[in-house]
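Residue-level structural notes
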Amino acid sequence: MVIADPFCSARNIQRFFQIANTYSLRTMSATNKLFAYGILMWPDVLEAVTGRCMTGEKMTLAGYKRLRAKDRHYPVMLRALKDSVSGVLYTGLTDDEFRCLDTFEGVEYERTEVALGAGAAFAYVLSNDWKHIADSKAWKPEQLTPEDLAMYCVQYTGWTKV
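First things first, this report covers the structure right here in the doc. Only a predicted model underlies this, so the values are computations on that prediction, with no experimental measurement involved.

1. Focus on the packing of aromatic side chains
According to the stated counting rule, one finds three aromatic pairs in the structure shown. Ring geometry for Tyr74 against Tyr152: centres 5.7 Å apart, planes inclined by 70°, an arrangement best described as edge-to-face. With Tyr74 in the loop between strand 2 (57–69) and strand 3 (75–91) and Tyr152 in helix 4 (residues 146–155), the pair connects residues that are 78 residues apart, well separated along the chain. Summarising the aromatic geometry, the rings of Phe98 and Phe122 are spaced 5.5 Å apart at their centres and angled 80° between planes, so their arrangement reads as edge-to-face. Remark: Phe122 occurs in strand 5 (residues 119–126) and Phe98 occurs in helix 3 (residues 95–105); sequence separation between them is 24 residues. The class of Phe98 is buried, set by a relative accessible area of 1%. Of the aromatic side chains, those joined through ring pairs into one cluster are Tyr74, Phe104 and Tyr152. In this arrangement the basic side chain of Arg111 is found over the ring face of Phe122, its NZ or CZ atom lying 5.1 Å from the centre.

The structure is reproduced here in structure tokens:
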């Protein structure tokens, strides 16, 4: 399944306003922010996982590095004091959306609070038990072709779980 429409559907926009009306903006903290550094930087993929179209802000996270997952089109992120990772910061996520993201990311990743500028966000960091899937080669978003993204979407078997 490839998601080609870059625009939010009316249903998703309506759902956003329903959530916004019931969610207190004064609770804004790391608990409702996501730093995405891989496939989730593509809004269509994030919408497929969470059910809501979101726009984000480009950010850089210090103290981590992004590597390819062995034989895969997606990256992993590990702590690395002298490195940094470019990505996208999304805000206003709900607990339900994070549960969907937890399912999407699977047991290989841990949702970890990271320091980002003057604030904090959650990021999915490769678990110590799964470091063997990290390649030594860097993963760069600009190298992900539309064909690679489509292949990832076709090969990912967890769509029915999120």
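More follows now that the structure is in view.
2. Some words on the pairing of strand 3
Pairing of strand 1 (residues 33–36) with strand 3, which is carried by four bridges, proceeds in the antiparallel orientation. Each bridged residue has a counterpart across the sheet, and for Leu34 the counterpart in strand 3 is Tyr90. As paired elements, strand 2 and strand 3 share eleven bridges and run antiparallel to each other. Bridge assignment links Lys58 to a residue of strand 3, and that residue is Val88. Linking two consecutive strands that pair antiparallel, namely strand 2 and strand 3, is a turn of five residues; a positive phi of about 60° is found at Asp71 within it.

3. What to know about the pairing of strand 4 (residues 109–116)
As paired strands, strand 4 and strand 5 are joined by eight bridges and run antiparallel to one another. In the sheet register, Arg111 faces strand 5, and the bridge partner there is Tyr124. Hairpin connection between strand 4 and strand 5: a loop of two residues separates the two successive antiparallel strands, and Gly117 in this loop has a positive phi of roughly 65°.

4. A short note on the side chain of Thr50
With respect to the helices, strands and loops of the structure, Thr50 is situated in helix 2 (residues 43–50). Judged by its relative accessible area of 4%, Thr50 falls in the buried class. Among the polar contacts listed, one links the side chain of Thr50 to the backbone oxygen of Arg52, at a separation of 3.2 Å.

Conventions adopted
Residues numbered from 1 in each chain as written. Predicted model: local features only at pLDDT ≥ 70, side-chain atom pairs only at ≥ 80, totals over all residues. Heavy atoms only, no water. Phe/Tyr/Trp six-rings, centres within 6.5 Å; stacked < 30°, edge-to-face > 60°. Helix = DSSP H or I, 4+ residues; strand = E, 2+ residues; numbered from the N terminus. Buried < 20%, exposed > 50% of the residue type's maximum accessible area, 1.4 Å probe, protein only. Lys NZ or Arg CZ within 6 Å of the ring centre and 35° of its normal. Pairing = 2+ DSSP bridges. Polar contact = N/O pair within 3.5 Å; in protein donor to acceptor, adjacent residues only side chain to side chain.

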